[in-house]
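Descriptive structure summary
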Amino acid sequence: SQTIHQWPATLVQPVGSPLSLECTVEGTSNPNLYWYRQAAGRGLQLLFYSVGIGQISSEVPQNLSASRPQDRQFILSSKKLLLSDSGFYLCAWSVRVSGRGDRPYEQYFGPGTRLTVT
Amino acid sequence: SQELEQSPQSLIVQEGKNLTINCTSSKTLYGLYWYKQKYGEGLIFLMMLQKGGEEKSHEKITAKLDEKKQQSSLHITASQPSHAGIYLCGARYNFGNEKLTFGTGTRLTIIP
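Let us look at the structure shown here. (Residues numbered from 1 in each chain as written. Chains lettered and ligands numbered in written order. Predicted model: local features only at pLDDT ≥ 70, side-chain atom pairs only at ≥ 80, totals over all residues. Heavy atoms only, no water.)

**So, the pattern of salt bridges**
Residues and elements named next belong to chain B. For the record, the criterion: The term salt bridge refers to a side-chain nitrogen of Lys or Arg lying within 4 Å of a carboxyl oxygen of Asp or Glu. Helix numbers and strand numbers start at the N terminus; a helix is a DSSP run of H or I with at least 4 residues, a strand a run of E with at least 2. Only protein chains enter the accessibility calculation, which uses a 1.4 Å probe. A residue is then buried if its area is under 20% of the maximum for its type, exposed if over 50%, and partly exposed in between.
The full count for this structure, using the stated rule, is six salt bridges over all chains. The salt bridge partner of glutamate 3 is lysine 27, with a shortest N-O separation of 3.0 Å. Here lysine 27 lies in the loop between β3 (19-25) and β4 (31-37) and glutamate 3 lies in the segment before β1 (4-7), a separation of 24 residues in the sequence. The exposure class assigned to glutamate 3 is partly exposed, which follows from its relative accessible area of 30%. The class for lysine 27 is partly exposed, based on a relative accessible area of 38%.

Structure below.
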């Protein structure tokens, strides 16, 4: 069965410090990977998604970047954190469909990382 | 206005009672996803609906997608304390676009 891991679980960082959050998926190959942020009072927002190694699409202009160095590894980074980067960061995966699929596929989420920027 | 609206925003229900949560889209859906989240935790996948008129059930939770594929409801029968949490609907609007757009969530509290 498939498992998705995120670490760290919680993080407290000062403004201006760098950030690296990691997400790994087990039990599947060639997944689509996603980074979402859930901020207080703002709902769940897609930040980045990736359909393959080195392929990153950004949804929202921001202080963050993402990378996919390996097939099942997705990293969220920042060079200098802002207060507004605080939130709950969730990684998700779904099956990658090649060609024209006949249905949407389930999207599964990790346990999340709670980031507090002070 | 939001592409995806959930109602109600919060719901307090006595244990054993039935309840319904609604999710309405301003556009036709390619897929509609229901998730449950406990505070501080990740999202638990409940169900995904694709076809107009489709209905799926898992234990005491039933989700339906209307024929026009713009509205979904999540119904819980004989609610239990374990049902408490935040319910989120997520919308996918077309093939090739893997992104999910989420509603603002419904916070469900179950009173013993």
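**Points about the side chain of A:Thr24**
All names here are of chain A. For the record, the criterion: For this analysis, residues touch if any pair of their heavy atoms sits within 4.5 Å.
With respect to the helices and strands, threonine 24 occurs in strand β3 (residues 19-26). Residue classification places threonine 24 among the buried residues on the basis of a relative accessible area of 17%. Apart from the residues within four sequence positions on either side, threonine 24 is in contact with Thr3, Ile4, His5, Trp7, Arg72 and Gln73.

**Considering the packing of aromatic side chains**
This is how the line gets drawn: The criterion for an aromatic pair is that two Phe, Tyr or Trp rings (for Trp, the six-membered ring) have centres within 6.5 Å, with stacked assigned to planes under 30 degrees apart, edge-to-face to planes over 60 apart and tilted to the rest.
With the rule as written, the count across this model stands at twelve aromatic pairs over all chains. Ring geometry for A:Trp93 versus A:Tyr108: centroids 5.5 Å apart, planes at 35 degrees, classification tilted. With A:Trp93 in strand β9 (residues 87-94) and A:Tyr108 in strand β10 (residues 107-109), the pair connects residues that are 15 residues apart, well separated along the chain. Between B:Tyr35 and B:Phe102, the aromatic rings sit 5.8 Å apart at their centres with planes inclined by 50 degrees, giving tilted as the arrangement.

**What about the interface of chain A and chain B?**
Think of interface size as the accessible area that goes away when the parts come together; that is how it is often given. Stated formally: In short, buried area is how much 1.4 Å probe accessible area vanishes from two parts on joining, totalled over both. For the purposes of these results, a polar contact is taken to be a pair of N or O atoms within 3.5 Å, where, inside protein, one atom must be able to donate a hydrogen and its partner to accept one; residues adjacent in sequence count only when each atom of the pair is a side-chain atom. For this classification, Asp, Glu, Lys and Arg are treated as charged, while Ala, Val, Leu, Ile, Met, Phe, Trp, Tyr, Cys and Pro are nonpolar and the rest, including Gly, are polar.
If you look at the interface, chain A gives 25 residues, while chain B gives 20 residues. In total, chain A and chain B occlude about 1,900 Å² of area from one another, counting both sides; carbon and sulfur atoms represent 58% of this. Looking only at chain A, the three residues that lose the most surface to chain B are A:Leu44, A:Pro104 and A:Phe109, adding up to 27% of its buried area. If you look at where chain A meets chain B, you find one salt bridge. The closest approach of N and O atoms between A:Glu59 and B:Lys99, which form a salt bridge, is 3.1 Å. Applying the counting criterion to the chain A and chain B interface returns five residue pairs in polar contact (both at pLDDT 80 or more). Those elements that provide at least two residues to the side of chain A that touches chain B are β4 (32-39), β5 (43-52), β9 and β10 of chain A. For the side of chain A that touches chain B, the leading source of residues is β4(A), giving four residues. Residue classes in the side of chain A that touches chain B are distributed as twelve nonpolar, seven polar and six charged.

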